[in-house]
Each structure stands twice: as structure tokens, then as C-alpha cells.
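Breakdown of the fold
Each chain, written out:
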Amino acid sequence: MPYPTAHSPARLRSSPAAFTLIELLTVIAIVGILIAILVPVVSHVRASAKRTRCTANIRSLGTAFNLFAADNKGYYPAVIYHTSYTDGRVNPGKSHWWLELRPYIGNANIKDLGAIPESPFGVCPIGQIGMNSKVSYYYQFRPNTIGRPTKIILLGDSKDHVLTVWNESTEHADPKRHNGKANYLFFDGHVESLDPAAGHTAFNRDPFN
């Protein structure tokens, strides 16, 4: 009886036609390991992108403050406008700080910062950007009156439009935004990412001493 040739049906039938169970389980295990490695990396990259966008938004607002001051005798806008305060250095547009600054944000940036008339237009990807209420609540002020511009917060990515004293037990203006930290713009123009304790300390400094 002749032996089967390389192309005979018998030789073809004896060739393996599918993965074995061990091979299939090995492939599944490798895919699982790759997913376990990639998911944290992707999450970290996304979080980093949000921090970067938030920092860019805050810096854009810092530029807007300076442009506003150039048109208003060197004054920055007050945090809010109140109808009971009709004289003195009130906001010229009779609006809160974010609406006073809107004309100084380029059209290309308004969408990125969030053009919402009733709320802060500076939107962090995780929260909203708020102005330090300690520097001047109802009246405009000149930034050169700030005692330590490298130490005093101008803006932060607060939940509310007014930065207040934070409390671990409340949701109001919780500063923990980016991996347990929040971004803050200081009067000298630099941005820092601070944990709640450091942010609390910086916020509570006397702006004028």
C-alpha cells in the first residue's frame, strides 16, 4: 500500500485545523494583561489632558484680566456687581466678573471656556473656574495693591463662581479636582496645582499685606 504523498487527502486530514484550548487560553490571558496595562495608562493620559486644558483656560482668563485693566484705568473687575452699590469702583458693565471679561476672550476660546451667560464662562473640564472673593467683592481694584502677587490667588478651578473657605465635609467650592488637587492662578501670572491644604492656606492669605 503506498504511503500518502504531501498533497494526498490523508496527509491533509492529519494537519491541525484549529487552536488548541491551551493556545486559546494563552491568547485570552495575554489580551487581559494588555488591557490591564493600557486602561490605567489611558486614564492617566485623559486626566493629564484635563489638567492641561484647565491650566490653559485659567491662563487665558489671566490675560483677559490684564486686557480689562488696560481699558479700565488699571482696575480688575470686582467679583460681583450688586445693585445696592451704585457708586465707587463698581463693574462698568453692571455684571459679575466673568461677564465683564467676556469681551476680552477671543472668539476661538469662548467655546472652550464655555459661553454661559448665567454662570462662570471659565469652565474646567471637571469643575468651574472661580475668582478669589477676598481680593474685592463689590468694588474694582488695582492688582498693584496686592501685597504678595506670587502668593495670592486670583483664580481657581472652584465648583462655585466665588472661592470660599473650603470644608472637607461640604460640597461647596470643593477644591479637589485633578487627582486630589486643583489649579490656581496667582497674581504674578503663574499657575500651581495644589492639594486642598495648600490651596486653603494660599486662599486665606491677606491679599493686601
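Residues numbered from 1 in each chain as written. Predicted model: local features only at pLDDT ≥ 70, side-chain atom pairs only at ≥ 80, totals over all residues. Heavy atoms only, no water.

1. Comments concerning the nonpolar core
Selection criterion: Residues grouped as a nonpolar core are buried Ala, Val, Leu, Ile, Met, Phe, Trp, Tyr and Cys residues, joined through side-chain atoms within 4.5 Å. Under the scheme applied here, a residue whose accessible area is under 20% of the maximum for its type counts as buried, over 50% as exposed, and between as partly exposed, the area being computed with a 1.4 Å probe on protein chains only. Only runs of H or I of at least four residues qualify as helices and only runs of E of at least two qualify as strands under DSSP, and these elements are numbered from the N terminus.
In this structure, Phe 65, Trp 97, Met 131, Leu 154, Leu 155 and Phe 187 are the most contacted members of the largest nonpolar core, which totals 25 residues. When residues of this core are traced back to their parent elements, those giving at least two are helix H2 (21-71), helix H3 (97-101) and strand E2 (153-156). Counting residues per element, this core draws most heavily on H2, which supplies 7 residues. Ile 153, Phe 186, Leu 194 and Ala 202 belong to the second-largest nonpolar core, a separate cluster that totals 7 residues.

2. Remarks on the packing of aromatic side chains
Here is the rule: Here a Phe, Tyr or Trp ring, Trp counted by its six-membered ring, pairs with any other such ring whose centre lies within 6.5 Å, and the pair is stacked when the planes are under 30 degrees apart, edge-to-face when over 60, and tilted otherwise.
One pass over the structure, following the stated rule, counts 7 aromatic pairs. Ring centres 5.7 Å apart and planes at 80 degrees place the aromatic pair Tyr 76 and Phe 141 in the edge-to-face group. One end of the pair, Tyr 76, is in the loop between H2 and H3; the other, Phe 141, is in the loop between strand E1 (130-132) and E2, and 65 residues separate them in sequence. Accessibility expressed as a relative area gives 4% for Tyr 76, which makes it buried. On the accessibility criterion, Phe 141 (5% relative accessible area) is buried.

3. Let's talk about the side chain of Asn 183
Here is the rule we go by: Throughout, a residue-residue contact means that at least one pair of heavy atoms, one from each residue, lies within 4.5 Å.
Topologically, Asn 183 is positioned in strand E4 (residues 182-186). Here Asn 183 is in contact with Arg 51, Cys 54, Thr 55, Ile 58, Leu 155, Gly 156, Asp 157, His 178, Val 191, Glu 192 and Ser 193, once residues within four sequence places are set aside.

4. Observations concerning the pairing of strand E5 (residues 191-194)
So the rule is basically this: What makes two strands pair is DSSP finding at least two bridges between them.
Sheet analysis places E4 next to E5, joined by 4 bridges and oriented antiparallel. Each bridged residue has a counterpart across the sheet, and for Ala 182 the counterpart in E5 is Leu 194. As consecutive antiparallel partners, E4 and E5 are separated by 4 residues, and within that stretch Gly 189 has a phi angle of approximately 105 degrees, a positive value.

5. Some thoughts on the side chain of Ser 95
Rules: Polar contacts, as counted here, are pairs of nitrogen or oxygen atoms within 3.5 Å of one another; within protein the pair requires one atom able to donate a hydrogen and one able to accept it, and residues that are adjacent in sequence qualify only if both atoms are side-chain atoms.
Mapping Ser 95 onto the fold places it in the loop between H2 and H3. At 3.1 Å, the side chain of Ser 95 and the backbone oxygen of Gly 93 are in polar contact. Among all residues touching Ser 95, those that are not within four sequence positions of it are Tyr 81 and Glu 100.

6. Here's the deal with helix H5 (residues 196-203)
Going by this rule: Of all possible arcs, the one meant is that of the directions from the helix axis to the C-beta atoms.
All of the buried residues in H5 are Pro 196, Gly 199, Ala 202 and Phe 203. Here the buried residues of H5 occupy an arc of 130 degrees about the axis, which is enough to place them on one side.

7. Points about a nonpolar patch on the surface
Put simply, the rule is: Patches in this entry comprise residues that are over 30% relatively accessible and not in a salt bridge; like charges within 9 Å are linked, as are nonpolar side chains (Val, Leu, Ile, Met, Phe, Trp, Tyr) within 5 Å. Only the protein chains shown count as cover for residues, and the accessible areas themselves come from Shrake-Rupley with a 1.4 Å probe. We define a salt bridge as a side-chain nitrogen of Lys or Arg found within 4 Å of a carboxyl oxygen belonging to Asp or Glu.
On the surface, Leu 21, Leu 24, Leu 25 and Ile 28 cluster together into a nonpolar patch covering about 410 Å² of accessible area. By the secondary structure assignment, Leu 24 is in helix H2.

8. Notes on the environment of Met 131
Along the chain, Met 131 turns up in strand E1. As a C-alpha pair, Met 131 and Trp 98 span 33 residues in sequence and 8.8 Å in three-dimensional space.

9. Notes on the environment of Asp 87
Relative to the helices and strands, Asp 87 resides in the loop between H2 and H3. As a C-alpha pair, Asp 87 and Tyr 139 span 52 residues in sequence and 9.4 Å in three-dimensional space.

10. Observations concerning the confidence of the model for the protein
We count it as follows: Scored from 0 to 100, pLDDT records how confident the predictor is in each individual residue.
For the protein, per-residue confidence averages 76 on the pLDDT scale, and residues scoring 70 or more make up 71% of the total. When mean pLDDT is compared element by element in the protein, E5 scores highest at 90, while helix H1 (residues 9-13) scores lowest at 52. Predicted confidence is poor over residues 114-121, with pLDDT under 50, and the contacts of this stretch with residues over four places away or in other chains come to 23 contacts. In this model, residues 165-173 is a region of pLDDT below 50 whose contacts with residues beyond four sequence positions or in other chains number 22 contacts.

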